[in-house]
Amino acid sequence: MPVTSTPPSFLFFDLETTGADPAFDRPLQFAAIRTDMALEPIGEPVVWYARVPEDCLPHPAAVMTTGILPDAPELAGADSEANLANRIHRLVSRPNTCVVGFNNLRFDAPMLRFLFWRNLLDPYRHEWADGNSRFDVLDAARAYRLLAPDALNWPVGSDGRPTLRLSELSAANGLMHEQAHDALSDVEATIDLARRLRAADPGLWEHLLAARDKRQVARMIDSSDHAPFLHVSPRLPARVASASMFCSFGQVDGNRNRRECWDLRFDPLPWLELDAQAWAERRFLKTPPETAERDWDELRLPIKSIHLNRVPVVLPADALDRDGVAQRMVVDRERIALHAERFREHFAALRERLVGALERTEGDFPPQPVEQALYAGFVPPSDRRALEAWWDRARSLGSRRDAVEHARCLLSERFEDDRLPELVEGFVARNLPEALDAEARGRWRARLVEQLRPGETADTDSPTGRDFPGLRAEVDRLEHDDNWSVEQRALLGPYRRWLAKQERELEMPASGGQ
């Protein structure tokens, strides 16, 4: 990590969005508070909004969750998505920043990546360059529930199961959380929760933070003797404290940040009776039932991917010695030791099966809209330099007229990456539509009509798609769904009227030579 005069800090942030799909949905509200490493605030909080883009209709469930209607005053007069993306990108790119949230690694961070991708900004560099990193307080809370349970009161949901919802944790522990699903309120609650965890067990807090360095993680799990280690993950069942003991196969494919690991709850010997094709067929089975260890036809392959660059919760095997940890994980330590010994003894044969299974199940990305094609490949360096130069100039412009002319220059740019011409045209259409010529305006309108299907009826097979007919049907369904409060369902009327207005406008004949 480079030496810089900027002191290290946490940037706690949260997003409220149009829906739950990071690749498709859009941020509407962004809030952040910067703190020092002792979790004391630095400067003032920021709260920024963006208006709803015309190619992404908010899901009514998101409206009921956040309470933000698409034509709310704070959105109607808000910034374009491009300006919001630029402001966020500069904030999170400050050197020595650790970007922190609650479930941010699985939702907010991917949402930011796609936001930056759509708006021609580097989607990755802010996560690792200039001493920057990421951290997730939800994963920390899950680890504390297992390893330091006295740190908090751990709530139980209405279904009788343990829950780590931020609103429930806040209520059970008297955290500052005035309004759930308001971005700034969620940020304040997350900081308060982080303080509680850090104070309860500073050593565990520092250990979890150390996983921001993927080299530290690799040293722990890639031992030459295949030593077992403890891993906590939401992908493991809550009934076993979302944790298990693992041994690593090491890097087995071209992804140097991914490790495939054997779950030591399961005996590897029976799996040697199956060939690589059988392993491949069982790789994506649903979570096995309670009797899975004896019911081989129902058992999913007990291998889990761990990504070194996603701040995984991994600890040495002696973490099992902490008071009550083995009991909460419901593990038989003798069986774990036996399975680990068999893993080491038959490592070569097991790894051969795994490599064969991966070859049979790893495939190319299916075709997808260019705005969702972020992971189809990295932008070539020459294209990235051209986009950065465009943004550098754009930030200095003082009038919309200058911005429009600058956007036209971008439209004429020649790119090596064949995704970029369409991505650039969509970027300009959303943010500076007057820069498009008649032909490009026609293409953009055709894209909207094809995607949003105004005037059509809902599909029988997929009645709740993210288009006008699907959302009309979804509103009809949600109006009778008692899982939502009366106050939340009262938002569906205004939402329905807004949706109808947007549909009428798109159905109107194009004008202006389109």
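Residues numbered from 1 in each chain as written. Predicted model: local features only at pLDDT ≥ 70, side-chain atom pairs only at ≥ 80, totals over all residues. Heavy atoms only, no water.

Bringing the overall build of the chain into the picture now. When you go through the chain residue by residue, the secondary structure sums to 20 helices and 10 strands. A compact globule built from 514 residues should have a C-alpha radius of gyration of about 24 Å, and the chain, at 25 Å, falls within 12% of that. Based on the C-alpha atoms only, the size of the chain along its principal axes is roughly 75 × 55 × 50 Å. Classification of the 514 residues of the chain by burial places 53% in the buried group. Put simply, 69% of the contacts in the chain that link residues at least 6 apart link residues at least 24 apart. Carbon together with sulfur atoms contributes 49% to the accessible area of the chain, which is approximately 24,500 Å² in total. Where the 67 positive side-chain charges of the chain centre and where its 84 negative ones centre are 2 Å apart. (Helix = DSSP H or I, 4+ residues; strand = E, 2+ residues; numbered from the N terminus. Rg over C-alpha atoms; globule rule 2.2 N^0.38 Å. Buried < 20%, exposed > 50% of the residue type's maximum accessible area, 1.4 Å probe, protein only. Contact = heavy atoms within 4.5 Å. Areas by Shrake-Rupley, 256 points an atom, 1.4 Å probe, with all protein chains shown as cover. Lys, Arg positive; Asp, Glu negative; His and termini not counted. Charge placed at Lys NZ, Arg CZ, Asp CG, Glu CD.)

With that out of the way, let us pick up the pattern of salt bridges. Scanning the model with the defined rule gives 38 salt bridges in all. One connected set of salt bridges, linked through shared partners, spans Arg26, Asp55, Glu371, Glu422, Arg430 and Arg447. (Salt bridge = Lys/Arg side-chain N within 4 Å of Asp/Glu carboxyl O.)

Now for the pairing of strand S3 (residues 41–49). Bridging between strand S2 (residues 27–35) and S3 involves 6 bridges; their strand directions are antiparallel. If you follow Arg34 over to S3, its bridge partner there is Ile42. The hairpin formed by S2 and S3 contains 5 residues between the paired strands, and Leu39 there has a positive phi angle of roughly 70°. (Pairing = 2+ DSSP bridges.)

When you tally the buried positions in helix H5 (residues 137–147), you get 11 out of 11 residues, the bulk of the element. If you check which residues of H5 are buried, you get Val137, Leu138, Asp139, Ala140, Ala141, Arg142, Ala143, Tyr144, Arg145, Leu146 and Leu147. Where H5 begins, the side chain of Asp136 points an oxygen toward the backbone nitrogen of Leu138, at a separation of 2.9 Å. (Polar contact = N/O pair within 3.5 Å; in protein donor to acceptor, adjacent residues only side chain to side chain.)

Counted by the stated rule, this structure contains 2 cavities of 30 Å³ or more. The calculated volume of the largest cavity comes to roughly 60 Å³. Taken together, Phe13, Val92, Val99, Asn104, Ala109, Leu112, His126, Glu127 and Arg134 form the lining of the largest cavity. By residue class, the composition of the lining of the largest cavity is 5 nonpolar, 2 polar and 2 charged. There is about 50 Å³ of room inside the second largest cavity. (1 Å grid on protein atoms, 1.4 Å probe; cavity = no way out; pocket = protein on both sides within 12 Å on 5 of 7 lines; lining within 4 Å. Points joined across faces, edges and corners; volume = space filled by probe spheres on them. Nonpolar A, V, L, I, M, F, W, Y, C, P; charged D, E, K, R; others polar.)

Notably, Leu39 is not glycine yet its phi reads approximately 70°, a positive angle. As for its position among the elements, Leu39 is in the loop between S2 and S3. The phi angle at Ala241 is positive, at roughly 65°, despite the residue not being glycine. Position of Ala241 among the secondary structure elements: in the loop between strand S6 (229–232) and strand S7 (243–248).

With antiparallel pairing, the 5 strands of this open sheet are ordered in space as S9-S8-S7-S6-S10. Edge strands, defined here as strands with exactly one partner in the open sheet, are strand S9 (303–307) and strand S10 (313–316). Sheet twist, expressed as the average angle between the axes of neighbouring strands with direction ignored, equals 45°. In terms of strand pairing, S6 meets S7 through 4 bridges, oriented antiparallel. When the bridges of S7 are listed, Val232 appears paired with Ala243. (Axes fitted to C-alpha atoms, helices over the stretch in contact; angles between N-to-C directions.)

Let us look at the confidence of the model for the chain. Here the chain averages 92 in pLDDT, and 93% of its residues register 70 or above. With pLDDT under 50 throughout, residues 288–294 is counted as low confidence; its partners more than four residues away or in other chains account for 9 contacts. (pLDDT = per-residue confidence, 0-100.)

So, about the packing of helix H18 (residues 468–478) against helix H20 (residues 492–507). Direction vectors running N to C along H18 and H20 enclose 165°, while the axes themselves pass 11 Å from each other. The orientation of H18 with respect to H20, classified from their angle, is roughly antiparallel. Crossing geometry of H18 relative to H20 is assigned as left-handed. In this structure, H18 contributes Phe468, Leu471, Arg472, Val475, Asp476 and Leu478 to the contact, and H20 contributes Leu492, Tyr495, Arg496, Leu499, Gln502, Glu503 and Leu506. (Parallel < 35°, antiparallel > 145°, perpendicular 65-115°, else oblique. Left-handed = near helix turned anticlockwise from the far one by under 90°.)

The full count for this structure, using the stated rule, is 17 aromatic pairs. Joined through ring pairs, the aromatic side chains of Phe13, Phe30 and Trp48 make up one cluster. (Phe/Tyr/Trp six-rings, centres within 6.5 Å; stacked < 30°, edge-to-face > 60°.)

Another aspect to go through is helix H6 (residues 166–173). Looking at H6, one finds that the buried residues are Leu166, Leu169, Ser170 and Asn173. Viewed along the axis of H6, the buried residues span an arc of 100°, placing them on a single side of the element. Each element contacted by the buried residues of H6 is listed here: helix H7 (183–200). (Arc of directions from axis to C-beta.)

Another point: the side chain of Glu503. With respect to the element layout, Glu503 can be found in helix H20. A polar contact of 2.9 Å, which involves the side chain of Glu503, links it to the side chain of Arg472. When neighbours within four sequence positions are excluded, Glu503 is seen to be in contact with Arg453, Pro454, Gly455, Phe468 and Arg472.

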